[in-house]
Amino acid sequence: MHQPAISHLAAADPVLAQLIEGEAQRQFEKVRLIASENYVSTAVLEATGTVLTNKYSEGYAGKRYYEGQQFIDPIESMAIERAKSLFGVDHANVQTYSGSPANLAVYLAVASPGDTVMGMALPAGGHLTHGWSVSATGKWFRSVQYGVRKDTGRIDLDEVRDLALAERPKLIFCGGTAIPRTIDFPAFAEIAREVGAVLVADIAHIAGLVAGGAHPSPVGHAEIISTTTHKTLRGPRGAMLMSDAAHAKALDKAVFPGLQGGPHNHTTAAIAVALAEAAQPSFREYAANIVANAKALADALVARGFELVSGGTDNHLILMDLTNKGIGGKPAAKALDQAGIELNYNTVPFDPRKPFDPSGVRLGTSAITTRGLGVEQMPQIAEWIDRAVAAGDDAELTAIAGEVAELLAGYPMPGWA
Ligand SMILES: *Cc1c(COP(=O)(O)O)cnc(C)c1O
């Protein structure tokens, strides 16, 4: 049963409540390997479901446009102070609705339409909002994109530097959605300094690892840091912008009134809860375990003949090219889902196939680590993946799904009792 209970919802809207219960049970029974997902704590869930959703509070603490902010102001200030202290930054804005609008606010703060901007190409592992052509950021700015080396699957910082020197972007994004390796923030900072660009570290995927000391911090290297709060950081769906003192005002103005109206106060409260959780010593252990699990899973997959982009992982994420297994990413992801293993099909660098039918899949270990799975379970997960990808019939997939559910029954899930 969903935790906290949704009995009022069940009475008012039984069909919807059934669907939510179904989703909760699905999350309980599946090995969830989508690299951008996690399980939030019951405390975070509770915060998102409060009356704070009723309140409008355009503006910032002490400077609001509506009355009645006696409780909202301290809640938002708590979230801000916790973000500043956890990441060691001068400034934090916790109002951005999600990662994509947060990045849009960065453009609004430091660039003008038509300016040259630089980011990692989507097919190489960057995010849409780093200037990819179909995104507003690629349409409204002159975007130049860097990738990875074909032979190593890693970012080539000499190429990034040459491109930056030739194109002189106003803003450089580092970070992405499918980068299995450590981001070299000092090297990016040196390039940005050399060309006079603002460096933006988008740590959406790795924020929890940074907070938990399992990935180097961009603080002191990137002037602006953008992050979602719901991936490895294990908070509610939302985002934060952090920066040095020099960019504080411009970022705040870009978020409100530049892009948004009223902040989602229930989300702000839940972010505050998640930030307090991430400041606990146990979160450092969590972050280290995520990385240990990813390495163990990567090793077990390699041992079964799977090809990993860049050969392995430094963080929570594995990008797998299935070409040598004779199956596309999409049919593999569908078969795995049937087998109780949830991940997403993904392009691999230099993918000869189309984005909607690419060669690879992406896996992450943040959710299964929250469930309490450890390195000793990773060979089993690799075995299931191997069997499911090779499975000839539905019976085999159903059999695997049974084994998966049986294992997970022993690992509690926050949000489900
Ligand atoms: C997930 C992600 C985003 C976007 O976040 P949404 O909340 O989905 O809009 C932005 N940048 C990176 C690097 C991401 O991984």
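Computed from a predicted structure; not experimentally measured.

Calculation criteria
Residues numbered from 1 in each chain as written. Predicted model: local features only at pLDDT ≥ 70, side-chain atom pairs only at ≥ 80, totals over all residues. Heavy atoms only, no water. Helix = DSSP H or I, 4+ residues; strand = E, 2+ residues; numbered from the N terminus. Rg over C-alpha atoms; globule rule 2.2 N^0.38 Å. Buried < 20%, exposed > 50% of the residue type's maximum accessible area, 1.4 Å probe, protein only. Contact = heavy atoms within 4.5 Å. Areas by Shrake-Rupley, 256 points an atom, 1.4 Å probe, with all protein chains shown as cover. Lys, Arg positive; Asp, Glu negative; His and termini not counted. Charge placed at Lys NZ, Arg CZ, Asp CG, Glu CD. UniProt positions renumbered as here; feature names shortened; annotations may be inferred. Near = heavy atom within 4 Å. Polar contact = N/O pair within 3.5 Å; in protein donor to acceptor, adjacent residues only side chain to side chain. Pairing = 2+ DSSP bridges. Axes fitted to C-alpha atoms, helices over the stretch in contact; angles between N-to-C directions. Domains from an automatic or database assignment. Buried area = accessible area lost by both parts, 1.4 Å probe. Salt bridge = Lys/Arg side-chain N within 4 Å of Asp/Glu carboxyl O. Phe/Tyr/Trp six-rings, centres within 6.5 Å; stacked < 30°, edge-to-face > 60°. Parallel < 35°, antiparallel > 145°, perpendicular 65-115°, else oblique. Left-handed = near helix turned anticlockwise from the far one by under 90°. Patch = residues over 30% accessible without salt bridge, like charges linked within 9 Å, V, L, I, M, F, W, Y side chains within 5 Å.

Undergrad: Teacher, can you tell me more about the overall build of the protein here?
TA: Scanning the protein for helices and strands turns up 16 helices and 15 strands. For the protein, whose C-alpha radius of gyration is 21 Å, the value lies close to the compact-globule estimate of 22 Å for 417 residues. Each principal axis of the C-alpha atoms in the protein carries an extent, and together these give about 60 × 60 × 35 Å. In the protein, which comprises 417 residues, the share counted as buried stands at 56%. For the protein, restricting intrachain contacts to residue pairs at least 6 apart in sequence, the fraction spanning at least 24 positions comes to 71%. Entry remark: accessible area of the protein is about 17,100 Å², with carbon and sulfur atoms responsible for 56%. Within the protein, the 44 negative side-chain charges are centred at a point lying 4 Å from the centre of the 34 positive side-chain charges.

Undergrad: I keep staring at the UniProt feature "domain: Serine hydroxymethyltransferase-like" (unreviewed entry) in the protein and nothing clicks. Help me out?
TA: With numbering matched to this structure, UniProt assigns "domain: Serine hydroxymethyltransferase-like" (unreviewed entry) to residues 10-385. For residues 10-385, the end-to-end C-alpha separation is 36 Å, with 42% helix and 15% strand making up the annotated structure.

Undergrad: For this particular structure, what's the right way to read the site of the ligand?
TA: In the region of the ligand, 13 residues are neighbours, and Ser98, Ser100, Asp202, His205 and Lys231 sit closest. Here Lys231 contributes a side-chain N or O atom positioned 2.7 Å from an oxygen atom of the ligand. Out of a free accessible area of 380 Å², the ligand has 86% covered by protein chains. With three residues, the top contributor of residues to the shell around the ligand is helix H5 (residues 99-110).

Undergrad: Can you help me understand the sheet that holds strand S15 (residues 360-364) in this one?
TA: The strands making up a sheet associate through hydrogen bonds between their backbones, and the pairing can be parallel or antiparallel. Judged by pairing direction, the sheet is antiparallel, and its four strands sit side by side in the order S11-S12-S15-S14 without closing on themselves. In this open sheet, the two strands that pair with only one neighbour each are strand S11 (307-308) and strand S14 (344-346). Packing against the sheet, helix H12 (residues 281-303) makes contact with S11, strand S12 (317-321) and S15, and its axis sits at approximately 15° to S12.

Undergrad: What should I look at first to understand the domain arrangement of the protein in this one?
TA: How big an interface is tends to be expressed through the accessible area that disappears when the partners come together. According to the domain assignment, the protein contains domain 1 (47-278) and domain 2 (283-408). In this assembly, 27 residues from domain 1 lie in contact with 25 residues from domain 2. Between domain 1 and domain 2, roughly 2,100 Å² of surface is buried when both sides are summed, and carbon and sulfur atoms account for 58% of that area. Among the residues domain 1 hides against domain 2, the three largest losses belong to Pro180, Arg181 and Arg234. Together they make up 27% of the total. Along the contact surface separating domain 1 from domain 2 lie one salt bridge. Salt-bridge contacts for Asp314 lead to Arg181; the nearest nitrogen and oxygen are separated by 2.8 Å. When residues of the side of domain 1 that touches domain 2 are traced back to their parent elements, those giving at least two are helix H9 (207-211) and helix H11 (265-278). Looking at which element gives the most residues to the side of domain 1 that touches domain 2, the answer is H9, with three residues.

Undergrad: Quick question: what am I supposed to make of the packing of aromatic side chains here?
TA: What describes a pair of aromatic rings is the distance from one ring centre to the other and the angle between the planes of the rings. If you walk through the whole model with that rule in mind, you get eight aromatic pairs. For the pair Phe28 and Trp416, a centre-to-centre distance of 6.0 Å together with 35° between the ring planes defines the contact as tilted. Linking Phe28 in helix H2 (residues 14-29) with Trp416 in the segment after helix H16 (394-408), this pair joins segments that are 388 residues apart in sequence. Through a chain of ring-to-ring contacts, the aromatic side chains of Tyr107, Phe141 and Phe173 assemble into a single cluster.

Undergrad: Please explain the sheet that holds strand S8 (residues 198-202) as it appears in this structure.
TA: Across the sheet, which stays open at both edges, the seven strands sit in the order S4-S10-S9-S8-S7-S5-S6 with mixed pairing between neighbours. At either end of the open sheet lies a strand with only one pairing partner, and these are strand S4 (91-93) and strand S6 (142-146). Between one strand axis and the next, the sheet turns by 20° as a mean value, whatever way the strands run. Strand direction decides the pairing type here: strand S5 (residues 116-120) and strand S7 (residues 171-174), joined by two bridges, are parallel. Paired with Met118 across the two strands is Ile172, which belongs to S7.

Undergrad: Any chance you could explain helix H13 (residues 329-338) here in plain terms?
TA: Three- or four-residue spacings in an α-helix give side chains the same orientation, since the helix completes a turn every 3.6 residues. The complete set of buried residues in H13 reads Gly329, Lys330, Ala332, Ala333, Ala335 and Leu336. On the buried face of H13, the contacting elements are strand S13 (341-342), S14, S15, helix H15 (378-390) and H16. Of the residues one or two after H13, Gly340 is the one with positive phi, at around 85°.

Undergrad: What is the right way to look at the packing of H12 against H15 in this model?
TA: Axes are the key here: two packed helices are described by the angle between their axes and the distance separating the axes. The geometry of H12 relative to H15 is characterised by a closest axis approach of 8 Å and an angle of 45° between their N-to-C directions. Overall, the two elements H12 and H15 adopt an arrangement that is oblique. Here the hand of the crossing between H12 and H15 comes out right-handed. On H15, the residues that touch Asn293, Ala296, Leu297, Ala300 and Leu301 of H12 are Met378, Pro379, Ile381, Ala382 and Ile385.

Undergrad: What is the right way to read the UniProt feature "binding site: (6S)-5,6,7,8-tetrahydrofolate" (unreviewed entry) in the protein from this model?
TA: Under the present numbering, the feature "binding site: (6S)-5,6,7,8-tetrahydrofolate" (unreviewed entry) in UniProt falls on Leu122, Gly126, His127 and Leu128. Residue position: Leu122 is located in the loop between S5 and helix H6 (136-139). For Leu122, a relative accessible area of 30% gives the class partly exposed. Counting through the fold element by element, Leu128 comes out in the loop between S5 and H6. Here Leu128 falls in the partly exposed class, since its relative accessible area comes to 36%. Among all residues touching Leu128, those that are not within four sequence positions of it are Leu122, Val134, Ser135 and Thr137.

Undergrad: Even after reading the chapter, I still don't get a nonpolar patch on the surface, so can you show me in this structure?
TA: Among the surface-exposed residues, Val15, Leu16 and Leu19 lie close enough to one another that they form a single nonpolar patch of about 300 Å² accessible area. Inspection of the secondary structure puts Leu19 in helix H2.

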